[in-house]
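Structural overview for review
For reference, the chains in residue letters:
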Amino acid sequence: MSAYDFTVTIRTQHLPEQSNPERDNYVFSYTITIRNTGSVPAQLISRHWVITDANNRVQEVKGLGVVGHQPLLKPGEQFEYTSGTQLATPQGSMRGEYFCVAEDGHRFEVAIPEFVLSLPRSLH
């Protein structure tokens, strides 16, 4: 086990009530759980997202914290948040990384595994 490690799990959902397919606007929410699986308390400082739609258009998003928070997680603690994104296509994907600083000053990145955004029953 690494002293500096967070585990990331993701759940996604299409939001049809906020989407407008006639205008190529598809809205998705994602709920992310971040768990400190390392042995040192660490704080999530910033994030970097790479969002790709089905036409291979890429958006990059960088910023401090997540949904206005920079959670400090002790080993075993977790933080969950929900956010969202819009795509011009009914499918796409997201991936990225969190930038973190441990209590001892060590800086590290946590990969956010790529996940699919898709309308229900639209993938074969």
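Refer to the structure above for everything that follows.
The structure contained in this document is the topic of the report that follows. All values derive from a computational prediction rather than experimental measurement. (Residues numbered from 1 in each chain as written. Predicted model: local features only at pLDDT ≥ 70, side-chain atom pairs only at ≥ 80, totals over all residues. Heavy atoms only, no water.)

One non-glycine residue with positive phi stands out, namely D24, at about 55 degrees. Tracing the backbone shows D24 in the loop between β1 (6-14) and β2 (26-36). Overall, D24 belongs to the partly exposed group, its relative accessible area being 48%. Although it is not a glycine, N56 adopts a positive phi angle of roughly 65 degrees. Turning to its location among the elements, N56 is positioned in the loop between β3 (42-53) and β4 (58-64). Judged by its relative accessible area of 63%, N56 is exposed. (Helix = DSSP H or I, 4+ residues; strand = E, 2+ residues; numbered from the N terminus. Buried < 20%, exposed > 50% of the residue type's maximum accessible area, 1.4 Å probe, protein only.)

For the rest of this paragraph, the subject is the environment of N20. Among the secondary structure elements, N20 is positioned in the loop between β1 and β2. Residues N20 and A3, spaced 17 residues apart in sequence, show a C-alpha to C-alpha distance of 45 Å.

This brings us to the side chain of T89. Residue position: T89 is located in the loop between β6 (78-87) and β7 (91-102). A relative accessible area of 7% places T89 in the buried class. In this structure the side chain of T89 is engaged in a polar contact, spanning 2.9 Å, whose partner is the backbone nitrogen of A54. A polar contact of 2.6 Å, which involves the side chain of T89, links it to the backbone oxygen of Q91. Look past the residues within four positions of T89 in its chain and what remains in contact with it is Y26, F28, D53, A54, N55 and R57. (Polar contact = N/O pair within 3.5 Å; in protein donor to acceptor, adjacent residues only side chain to side chain. Contact = heavy atoms within 4.5 Å.)

Here we come to the environment of A102. Take A102: it is sitting in strand β7. Judged by relative accessible area, which is 5%, A102 ranks as buried. With 59 residues separating them along the chain, A102 and Q43 place their C-alpha atoms 6.1 Å apart. Those residues in contact with A102 that sit more than four places away from it in its chain are Y4, V40, P41, A42 and F108.

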